[in-house]
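Commentary on secondary and tertiary structure
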Amino acid sequence: MSSKRAIEITVNEKRYEGLVEPRISLADFLRDQLGLTGTHLGCEQGICGSCTVLFNGETVRSCLLLAVQANGAAILTVEGLAAKAQIGDRLHPIQQGFLETLGFQCGFCTPGFLMTLYEFLNENPSPSEDEIRERLSGNLCRCTGYQNIVAAALWAAERLRAKSDR
Amino acid sequence: MPLLNLRLTKPKILVDLNGISSLDSIRETSGGLSIGAMTRQSRVERSSLVRERCPILAEAIRYIGHVAIRHRGTIGGSLVHADPAAELPAVALALDAKFEVARDGRDRVIPAAEFFIDYLTSALAPDEILREIVFPMVRPSSGYALEEVTRRHGDFAIAGVVAIVDLDEAAKIADVRVALFGVASTSVRARKLERALMGQEPNEHVFRDAAALLDDVLDPPGDIHASTAYRKHAAAVLTARALHRAVQVCHDRRL
């Protein structure tokens, strides 16, 4: 068995140093070693999008990266999302949107959708429904039929725009 | 990584090329646009140099997977993986790109026409790595288009085509390149169709007649996603459509 490697990684603005086996995926590292089980593993082949996290500000599939490849990187997981909202909000507006519009049922895929939308709405604060649907095509949901997820994205986009106007 | 996760491959040693920053580059060179093998797809997609000099490449990348995939996926990774239903091998074939390959200090150059051997098989030897791909520039007067059929946005193509067309002063076809994907064990150039189109006036009849020539040449596989007959039909329809759109782009770029 290969020996462990030292890595230093910032997750949700907290710095971790530790030893990892080279074969461990970033997703397994986040879940098993850091206990951040909000990142969900669905397909483990990059199709379903449930394990989406931000890696140095860009969405990535955490199942398709090894933890050792994240050495030195800054990761944002769903656990760190609420802290990105402005003070006074319990949830990030994107999370609130899913709550308001019933954008989830079983909730398995939700963390991936939230992280995908976090990047997308930063890039495009006023998306059309078609643009939302195209961007969300990389995340699979087997419950909702997507209608309410799209509604959640529109709700969140509006709320975020209202916040930035203030 | 999916191959590792699914335990389809169990390498004893895995070498991560991400540490070699010189493989991450987009440069204008005498041969065209040289792109390092480890350059992220999303970087190429957003590059103003690529959009200006080789817009079909930026266009094709939009069809690869999804944003989160393109943030990590590399140009070289996609080409060496040699999936017959992928977009980039077809672009490389259509443009006659050159693959600069390194082995223990000794380099060689493999033309695109010789790079894709079979399903998921490139001409790279086990001890070689792809260093850089040189895409000849698309002439500013040329038009280009990519058309594909997929089950969902971002999926691998059931059938697809890349077309690049240039017109002469009399608005006749002076240069045409057509590469198909998803319809054989590798991407394929439609040489017979290209020859038939040279010197022709670009109109719907000509495109449809030329696309009909694919019938003799193509024998696509049938699978759970589409039958052989469907793929053949789709390839012809998409080819006529891509040629039409490429000529439109040609006119637009001349205005």
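Fair warning: this is a prediction, and the values are worked out from it, not measured in the lab.

Moving on, we come to the overall build of chain A. Across its full length, chain A carries 5 helices and 5 strands. Along chain A, helices (α) and strands (β) appear in the sequence β-β-α-β-β-β-α-α-α-α when read from the amino end. The C-alpha radius of gyration of chain A comes to 16 Å, within 12% of the 15 Å expected for a compact globule of 166 residues. Seen through its principal axes, chain A has C-alpha atoms that stretch 50 × 35 × 25 Å. Evaluated residue by residue, chain A yields a buried proportion of 46% over its 166 residues.

Attention shifts here to the sheet that holds strand 11 (residues 188–189) of chain B. All names here are of chain B. Taken in spatial order, the 4 strands make up an open sheet running 8-9-10-11, and their pairing is antiparallel. The sheet terminates laterally at strand 8 (143–149) and strand 11, the two strands that pair on one side only. Note that strand 9 (residues 159–167) and strand 10 (residues 173–181) share 8 bridges and pair antiparallel. Looking at strand 10, one finds that Leu-167 is bridged to Ile-173.

So, on to the environment of Ala125(B). Residues and elements named next belong to chain B. By the secondary structure assignment, Ala-125 is in the loop between strand 6 (121–122) and strand 7 (129–135). Among the residues examined, Ala-125 registers 10 C-beta atoms within 10 Å and is labelled exposed. For Ala-125 and Leu-8, which are 117 residues apart along the polypeptide, the C-alpha to C-alpha distance reads 20 Å.

On to the domain arrangement of chain B, then. All names here are of chain B. Structurally, chain B comprises domain 1 (24–135) and domain 2 (143–254). The straight-line distance from the C-alpha centre of domain 1 to that of domain 2 is 21 Å. The interface is formed by 22 residues belonging to domain 1 together with 20 residues belonging to domain 2. Sort the elements by how many residues they give to the side of domain 1 that touches domain 2 and helix 7 (residues 87–95) lands first, with 6 residues.

At the interface, 18 residues of chain A touch 16 residues of chain B. At the level of elements, strand 4 (58–61) and helix 4 (129–136) of chain A are the ones that each hand at least two residues to the side of chain A that touches chain B. With 4 residues, strand 4 of chain A is the single largest residue contributor to the side of chain A that touches chain B. A breakdown of the residues in the side of chain A that touches chain B according to their chemical character gives 4 nonpolar, 9 polar and 5 charged.

Residue and element names in this part refer to chain A. In this model, helix 3 (residues 110–123) (14 residues) spans 20 Å end to end at C-alpha, consistent with the 20 Å of a helix rising 1.5 Å per residue. Within helix 3, 11 of the 14 residues are buried, leaving the element largely enclosed by the surrounding structure. Every buried residue belonging to helix 3 is among Thr-110, Pro-111, Gly-112, Phe-113, Leu-114, Met-115, Thr-116, Leu-117, Tyr-118, Phe-120 and Leu-121, and all of these are buried.

Residue and element names in this part refer to chain A. Here helix 1 (residues 26–33) has its buried residues at Leu-26, Ala-27, Asp-28, Phe-29 and Leu-30. Against strand 1 (5–11) and strand 2 (14–20) lie the buried residues of helix 1. Positive phi shows up at Gly-35, right after helix 1, with a value of about 75°.

Turning our attention to the nonpolar core. The nonpolar side chains of a soluble globular protein tend to be buried, and buried together. Residues and elements named next belong to chain B. Formed by 125 residues in total, the largest nonpolar core has its most connected members in Ile-56, Val-91, Ile-133, Val-162, Ala-163, Val-165 and Ala-246. A total of 11 residues in this core trace back to one element, the largest contributor, which is helix 12 (residues 228–254). What Ile-56 contacts, discounting residues up to four positions off in sequence, is Val-91, Val-138, Tyr-144, Leu-146, Val-162 and Ile-164.

Criteria and thresholds
Counting starts from 1 at the beginning of each chain's written sequence and moves along it residue by residue. Chain letters and ligand numbers both follow the written order, the letters beginning at A and the numbers at 1. Reporting of local features is limited, given that this is a predicted model, to residues whose pLDDT is at least 70; pairs of side-chain atoms are given and counted only at 80 or more, and all residues count toward the totals for whole chains, interfaces and linings. Helix and strand definitions here come from DSSP, where helices need a minimum of 4 consecutive H or I residues and strands a minimum of 2 consecutive E residues; each element is numbered from the N-terminal end. Here the radius of gyration uses the C-alpha set of atoms, whereas the globule reference equals 2.2 Å times the residue count to the power 0.38. The burial criterion counts other C-beta atoms lying within 10 Å of a residue's C-beta, which is placed from the backbone; the residue is buried at 20 or more, exposed at 12 or fewer, and partly exposed between these limits. Following DSSP output, two strands are said to pair if at least two bridges run between them. Where each domain begins and ends is defined by an automated method or by a domain database. Note on contacts: residues are paired as contacts if their backbone-placed C-beta atoms lie within 7 Å. Each residue receives one of three labels: charged for Asp, Glu, Lys and Arg, nonpolar for Ala, Val, Leu, Ile, Met, Phe, Trp, Tyr, Cys and Pro, and polar for the others, Gly being one of them. For a helix, the expected span equals 1.5 Å multiplied by the number of residues minus one. Joined through C-beta atoms within 7 Å, a set of buried Ala, Val, Leu, Ile, Met, Phe, Trp, Tyr and Cys residues constitutes a nonpolar core.

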